[in-house]
Amino acid sequence: MYGTRWIWGLILSVAGTWELGAAEGRVILATYNVENYVLASTGTRQAKSETSKVKVASVLKEVGAGVVALQEIAGEAALDELCGRTEALGLKYPHREWVQGFDTNIQVALISRYPIIARRPHTRDSYLLSGRRFSVSRGFLEVDIRIGPDYVLTVFVAHLKSRRVSAQADEAEMRREEARILREKIDARLRESPRANVILLGDLNDTKDSLAIRTLIGRGRDALVDSRPWERNGDTGFTPNPR
């Protein structure tokens, strides 16, 4: 009756994948926080080492996803550089989207082996908290991707406020407000296209029972499905990398 609606937050780990069973075959989607993919050192952010950049490209090659949401990309030049590395490994991403919000240092992006047929960047959103106005730091990326002749996927990419303590306001409340704004955009998309296939990918910087995550999932007919229980990402049991 209604399209597929998924949320997939990369909570505290670095990378992961999710599989979409489409009529055209198996499609892998991934979300990856590439941790300050900076080409040249600026302020407190150091340029990413050659070793780290090689590793990022090798991870993407190993995963082989058709669509990848990226967080902490430092500009379009960094995105082009990363895609050049994956192409050299035999994995080409000809379709790309990048948005810049209030944060001019790191942004969210998306790379795809499937054509992007619509782009709806959200870069100027703000909210009031304790009498002060704050901007959504990284903005939100929204695109429609044509997976096949009869299947279009709407992808939202987000990187919510970090868990680092802020001197300006409570970081959890800031994250909750960003989640509220993002959920409003998801609702707007579903009002416009009730049968849309929607997925949210990204680094949401929170736990599954937090108010921010519950806000994003929503309730009722338009509630999203949290895919984490099906994803082996180290949330339970021992993992050599607790991040």
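Let us look at the structure shown here. (Residues numbered from 1 in each chain as written. Predicted model: local features only at pLDDT ≥ 70, side-chain atom pairs only at ≥ 80, totals over all residues. Heavy atoms only, no water.)

### Remarks on the overall build of the chain
Looking only at helices and strands, the chain has four helices and 13 strands in total. Out of the 243 residues in the chain, the part that is buried amounts to 51%. By sequence separation, contacts in the chain at least 24 residues apart represent 65% of the contacts at least 6 residues apart. With an accessible surface of roughly 12,000 Å², the chain has 49% of that area assigned to carbon and sulfur atoms. (Helix = DSSP H or I, 4+ residues; strand = E, 2+ residues; numbered from the N terminus. Buried < 20%, exposed > 50% of the residue type's maximum accessible area, 1.4 Å probe, protein only. Contact = heavy atoms within 4.5 Å. Areas by Shrake-Rupley, 256 points an atom, 1.4 Å probe, with all protein chains shown as cover.)

### Things to note about the pairing of strand E11 (residues 151-159)
The element E11 is largely enclosed, with a buried count of eight among its nine residues. Direction of pairing for strand E10 (residues 141-148) relative to E11: antiparallel, over a ladder of seven bridges. Among the inter-strand pairings, arginine 146 is bridged to a residue of E11, identified as valine 152. The loop that links E10 with its antiparallel partner E11 comprises two residues. (Pairing = 2+ DSSP bridges.)

### Considerations on the nonpolar core
Leu182 and Ile186 are the most contacted members of the largest nonpolar core, which totals 24 residues. When contributions to this core are tallied by element, the ones reaching two or more residues are strand E8 (126-129), E11, helix H3 (171-192), strand E12 (197-203) and helix H4 (211-217). Tallying contributions element by element places H3 first for this core, with six residues. Residue contacts for isoleucine 186: discarding those within four places in its chain leaves Phe156, Val198, Leu200 and Leu224. Counting residues in hydrophobic clusters, the runner-up holds 20 residues, among them Ile28, Val34, Val68 and Ala109. (Core = buried A, V, L, I, M, F, W, Y, C linked by side-chain atoms within 4.5 Å.)

### Quick notes on helix H1 (residues 50-63)
With 14 residues, H1 extends 20 Å from end C-alpha to end C-alpha; this agrees with the ideal 20 Å at 1.5 Å per step. Residues of H1 that are buried include every one of Lys53, Val56, Ala57, Val59 and Leu60, and no others. Seen along its axis, H1 keeps its buried residues to an arc of 155°; they face one direction. For H1, the exposed residues lying more than 90 degrees away from the buried face are Thr51, Lys55 and Glu62. With its phi angle positive at about 65°, glycine 64 sits one or two positions after the end of H1. (Expected span 1.5 Å × (residues − 1). Arc of directions from axis to C-beta.)

### Some remarks on the pattern of salt bridges
Applying the stated criterion across every chain yields a total of 18 salt bridges. Note that aspartate 206 and arginine 163 form a salt bridge whose closest N and O atoms lie 3.2 Å from each other. A residue pair is termed long-range when its members are at least 10 positions apart, and aspartate 206 in the loop between E12 and H4 and arginine 163 in the loop between E11 and H3 qualify at 43 residues. Looking at aspartate 206, the relative accessible area reads 7%, which means it is buried. Judged by relative accessible area, arginine 163 falls into the partly exposed class, the value being 40%. Each of Glu50, Lys53, Glu81 and Arg85 takes part in one network of salt bridges that share partners. (Salt bridge = Lys/Arg side-chain N within 4 Å of Asp/Glu carboxyl O.)

### Section: the pairing of strand E6 (residues 107-112)
Of all six residues making up E6, six are buried, and the element is well covered by its neighbours. One ladder, built from five bridges, connects strand E5 (residues 95-99) with E6; its direction is antiparallel. Opposite arginine 96, over in E6, you have isoleucine 111 as the bridge partner.

### Topic: the packing of aromatic side chains
For the structure on display, the rule yields one aromatic pair. Seen in terms of ring centroids, tyrosine 127 and phenylalanine 134 are 5.8 Å apart; in terms of plane orientation they differ by 20°. Their pairing is stacked. Given a relative accessible area of 7%, phenylalanine 134 falls into the buried group. (Phe/Tyr/Trp six-rings, centres within 6.5 Å; stacked < 30°, edge-to-face > 60°.)

### Details of unusual backbone geometry
Phi at glutamate 72 takes a positive value of approximately 70°, unusual for a residue other than glycine. On the basis of relative accessibility, which here comes to 13%, the residue glutamate 72 falls in the buried class. The phi torsion at asparagine 205 lies on the positive side, around 55°, for a residue other than glycine.

Bear in mind that shape data such as this cannot, by itself, settle questions of function.
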